[in-house]
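# Coordinate analysis (summary)
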Amino acid sequence: MNNPNLRAVVTGTGGYLPERVLTNDDLSKMVDTSDAWIYPRTGIRSRRIAGADENVSDMAAAASRQAMERAGVRPEEIDLLVLATITPDTPLPAASCLVQDKLGLVNATCFDIVAACSGFIYALDVARQYVLSGAARKVLVAGSEKMSAITDWTDRTTCILFGDGAGAVVVERSEGGTQNGILSTATGTDGSLAPLLYVPAGGSARPTTAETLAAREGFVRMDGHTIFKYAVRNMAGVTAKAVADAGLKPSDVDWFVPHQANLRIIQAVAKTMDVPMERVVTNIETTGNTTAASIPLALHAAVADGRIRDGDNVVFGSFGAGLTWGAAVVRWGK
Ligand code: UT7
């Protein structure tokens, strides 16, 4: 940390979306809803759904492989993989261990982070701390979710929101004097708000039984209305803090890449932050809410199509179950 030239730099991005598209019209044949209700309230028109044999570790491996290719990093060079997910392939072991095997990350320590929609920011923060402390040189940070597996497809208040997918970035240590890299991170948690978004059963407190299955307690329960209010307040607050900590003003923000939970939440946060929507990256219309995958997926799309360029100030902001929230500022480029 004493070296002023030391930076944690994002050197590559990757994304993966399953092939199957589930539209609002498809949903209207499954539950009592319609595109006319869903789209104006959420900004979502369709989402991707993973195949039966397509799991979180497969999607994370695909996105991570692409991020490593774009960074020009070989699998054996990675010394840490942090995977953010709330839908690991199995409760044990961590899905990151399966990703390590799939990608041949033979020199990497691997673990998962459970912070729901803030998972990618938490994981990026961990990567930054490892790199700046000297504990790691090349880190893979991934967010991957198979939300379709924990979605109650008979509950119209939740099933309209979620989708599957994965995104990843490579974070590297740079001592070459670049001004690019992760400029700031900020995170927060309020566990007293846990009941707003949770899965009642399937953990050690309430293991799965015939009773919990019948009561559909293995699926997400959510108080969407209350979460909406906290989302805007906490996401705007933490993002403003990260921007200020990076020494920037709102007018310095070239791109805001928010968690994609609801377009109205994104618009409200952007307005509070004084960032015009032309500088906000959204893909929610075709992905829905992919939880920990949402920010890296939107980021990858904007990097791949050339919107985000070297030297741009890119800001991430999120909130999610926990409740958790987080933000990060990256000056783009190696
Ligand atoms: O990453 C964090 C994940 N969670 C979130 O970000 C959730 C944030 N919250 C939201 O996005 C919004 O609260 C929702 C989109 C989930 C819901 O929108 P809302 O404007 O808060 O609707 P509401 O829950 O207050 O429901 C309004 C009405 C209700 O009917 P009554 O009681 O007024 O007769 C619902 O039963 O709309 C009804 N409703 C629906 N109708 C058609 C709820 N879901 C649906 C639906 N289709 N899918």
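Residues numbered from 1 in each chain as written. Predicted model: local features only at pLDDT ≥ 70, side-chain atom pairs only at ≥ 80, totals over all residues. Heavy atoms only, no water.

A few words on the sheet that holds strand E13 (residues 324-331). The strand order across the open sheet formed by four strands is E8-E13-E12-E11, and the pairing between neighbours is mixed. Of all strands in the sheet, those bounded by a partner on one side alone are strand E8 (181-189) and strand E11 (255-258). Taken over all neighbouring pairs, the strand axes of this sheet differ in orientation by 10° on average, direction set aside. Looking at chain direction, E8 and E13 are connected through eight bridges and run antiparallel. Bridge pairing links Gly-188 to Trp-325 in E13. Where helix H10 (residues 294-304) meets the sheet, it contacts E11 and strand E12 (313-320), and its direction lies at approximately 155° from that of E12. (Pairing = 2+ DSSP bridges. Helix = DSSP H or I, 4+ residues; strand = E, 2+ residues; numbered from the N terminus. Axes fitted to C-alpha atoms, helices over the stretch in contact; angles between N-to-C directions. Contact = heavy atoms within 4.5 Å.)

Attention now goes to the domain arrangement of the chain. In many analyses, interface size is given as the accessible surface area lost on bringing the parts together. With domains assigned, the chain is organised as domain 1 (7-174) and domain 2 (181-331). Between the C-alpha centres of domain 1 and domain 2 the distance comes to 13 Å. The interface of domain 1 with domain 2 comprises 57 residues on the first partner and 48 residues on the second. Contact between domain 1 and domain 2 buries roughly 4000 Å² in total, counting both sides, with carbon and sulfur atoms accounting for 62%. On the surface where domain 1 and domain 2 come into contact, there are two salt bridges. Our count for the domain 1 to domain 2 interface comes out at 25 residue pairs in polar contact (both at pLDDT 80 or more). Where the side of domain 1 that touches domain 2 is concerned, the elements lending two or more residues are strand E1 (7-16), helix H2 (35-42), strand E3 (46-49), helix H3 (56-71), helix H5 (119-133), strand E6 (138-146) and strand E7 (164-174). In terms of residue class, the side of domain 1 that touches domain 2 is built from 26 nonpolar, 20 polar and eleven charged. (Domains from an automatic or database assignment. Buried area = accessible area lost by both parts, 1.4 Å probe. Salt bridge = Lys/Arg side-chain N within 4 Å of Asp/Glu carboxyl O. Polar contact = N/O pair within 3.5 Å; in protein donor to acceptor, adjacent residues only side chain to side chain. Nonpolar A, V, L, I, M, F, W, Y, C, P; charged D, E, K, R; others polar.)

Counting buried positions along H10 yields nine of eleven residues, so the element is predominantly enclosed. Inspection of H10 places Ser-294, Ile-295, Pro-296, Leu-297, Ala-298, Leu-299, His-300, Ala-302 and Val-303 among the buried residues, and these make up the whole buried set. One or two steps after H10, the chain reaches Gly-306, where phi turns positive at roughly 90°. (Buried < 20%, exposed > 50% of the residue type's maximum accessible area, 1.4 Å probe, protein only.)

Moving on, we come to the packing of aromatic side chains. Per the counting criterion, the structure on display carries one aromatic pair. Ring plane angle 70° and centroid distance 6.2 Å describe the contact between Phe-120 and Phe-316, whose orientation is recorded as edge-to-face. Taken as a pair, Phe-120 in helix H5 and Phe-316 in strand E12 lie far apart in primary sequence, 196 residues in all. In this structure, Phe-120 and Phe-316 share a single accessibility class: buried. Against the face of Tyr-39 rests Arg-45, its NZ or CZ located 3.6 Å from the ring centre. (Phe/Tyr/Trp six-rings, centres within 6.5 Å; stacked < 30°, edge-to-face > 60°. Lys NZ or Arg CZ within 6 Å of the ring centre and 35° of its normal.)

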